[in-house]
Amino acid sequence: MHERVELLKLRGEAVIDFSIAISHFPAPAPVRAAVRAALDEPLLPYTAVGGLPALRDMLAAKLRRENHIDAQAHHVIVTNGAKQALYQSLYVMTDPGDTVIVLRPHWPAYVATAQLLGLHIVLADQPDVVDAAFLDALPVAKVLMLNNPHNPTGKVYTPAELGAIRAWLRARGSACIVDESYEKLVFDGEHHSLAACPDWETLGITTIFSASQSYAMMGWRAGFACAPAVWIKAMEALQGPITAAVPALTQAAAAAAFAIGAVPELLADYRARRDLVVGLFAPVPWIAMAAPASGPYLWGDVSALTVDTVAFAETLIDDYRVAIMPGEALGCPGFIRIGYIADDEATLRRGVAAIIALGDRWA
Ligand code: PLP
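The structure presented is a predicted model; accordingly, all values stated were derived computationally and were not measured.

Calculation rules
Residues numbered from 1 in each chain as written. Predicted model: local features only at pLDDT ≥ 70, side-chain atom pairs only at ≥ 80, totals over all residues. Domains from an automatic or database assignment. Contact = placed C-beta atoms within 7 Å. Helix = DSSP H or I, 4+ residues; strand = E, 2+ residues; numbered from the N terminus. Core = buried A, V, L, I, M, F, W, Y, C linked by C-beta atoms within 7 Å. Buried ≥ 20, exposed ≤ 12 C-beta atoms within 10 Å, placed from the backbone. Near = placed C-beta within 6 Å. Nonpolar A, V, L, I, M, F, W, Y, C, P; charged D, E, K, R; others polar.

### Things to note about the domain arrangement of the protein chain
The domain architecture assigned to the protein chain consists of domain 1 (2-25 + 263-362) and domain 2 (29-257). Relative placement of domain 1 and domain 2: their C-alpha centres are 27 Å apart. Counting residues at the interface gives 24 residues for domain 1 and 22 residues for domain 2. Breaking the side of domain 1 that touches domain 2 down by element, the ones donating at least two residues are α11 (264-281), β9 (297-301) and β12 (335-339). When residues of the side of domain 1 that touches domain 2 are assigned to their parent elements, the largest contribution, five residues, is made by α11.

### Description of the nonpolar core
Counting 109 residues, the largest nonpolar core has Val143, Cys176, Met217, Ala253, Ala257 and Ile324 as the members making the most contacts within it. Top element by residues in this core is helix α4 (residues 81-93). It accounts for seven residues. Taken domain by domain, this core gets at least three of its residues from each of domain 1 (2-25 + 263-362) and domain 2 (29-257). Those residues in contact with Ala257 that sit more than four places away from it in its chain are Pro28, Val31, Ala211, Tyr215, Met217 and Ala222.

### Overview of the site of the ligand
The environment of the ligand is formed by 13 residues, the closest being Gly81, Ala82, Ser181, Ser210 and Ser212. It is α4 that contributes the most residues to the shell around the ligand, three residues altogether. Taken together, the residues of the shell around the ligand break down into three nonpolar, eight polar and two charged.

Rendered as structure tokens:
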């Protein structure tokens, strides 16, 4: 959908793009300053594949301080965004044919990556509360894939849920990849890391982080993974021949970004937009949409409409030049996802008005 938007824009058409979440904020000032300073340094042609030693040290310190994960530099690999961390961790943790459990709705990259690696994907519906009963009903799997805070629902896992997942991992012997890329975009509640436990390495928990959303740095491609040391070594062996290290300038940017913590003005701005859009949809009878506790997306249940959500999204872009993500792309037909952080208020209002006008046709 986003590519379609880009094509329409190339043809000179005005499109409102809610299909992904592109922040209207620039990267934080300390990030831009760090990159400007790095430009004047005699940069090495290549850095160590897993990242500059000082950056890995700094990220390990961040993990200990903020996430309460007992990590050292050898537990960290710096990657080109969360996507490379995801591919590499799933690659080293599985063999083709292994089962991976993905909870839906899900970020499309989880399924696409598992498909690339020839894995057997089991989709399970994410419950409102993850507890022992839910976990015990899951099939035997090599890896459980989690996303906390969650795209697109905004769910933030509670300490009790994380405790239940750790207990299940101990009993089952499955490993886990948890994508915590939205850790700094929490509006309500508090983010806790799954790997904040003394036995995270023996439980086989890999945690993925990204600067893309937390610091409005989508195009910078800055992310990292924290994993048991043996998997980090294997990921380095994989990353070396594919991309070598992340660009040195991006590493300078990552060092500045991950030192910041949350960005208050970004959070306040997103929260105001979230409340605006949820308020605009509130009187509409055919959509159910809760204010998400985190993240740059709104997730609406439009199963009351007499149209499938792919057709809804197609008609919306054809007739109104507004792009959304149909739930089918995230494993959940009957839902739509709206990225609400790109536009000014007037544009947000126009886009929402178009969605409501189209939905009224099929209500
Ligand atoms: N993880 C999830 C669940 C996301 O939705 C996104 C961005 O949309 C990311 C991670 C960021 O990925 P990357 O760091 O590759 O830009």
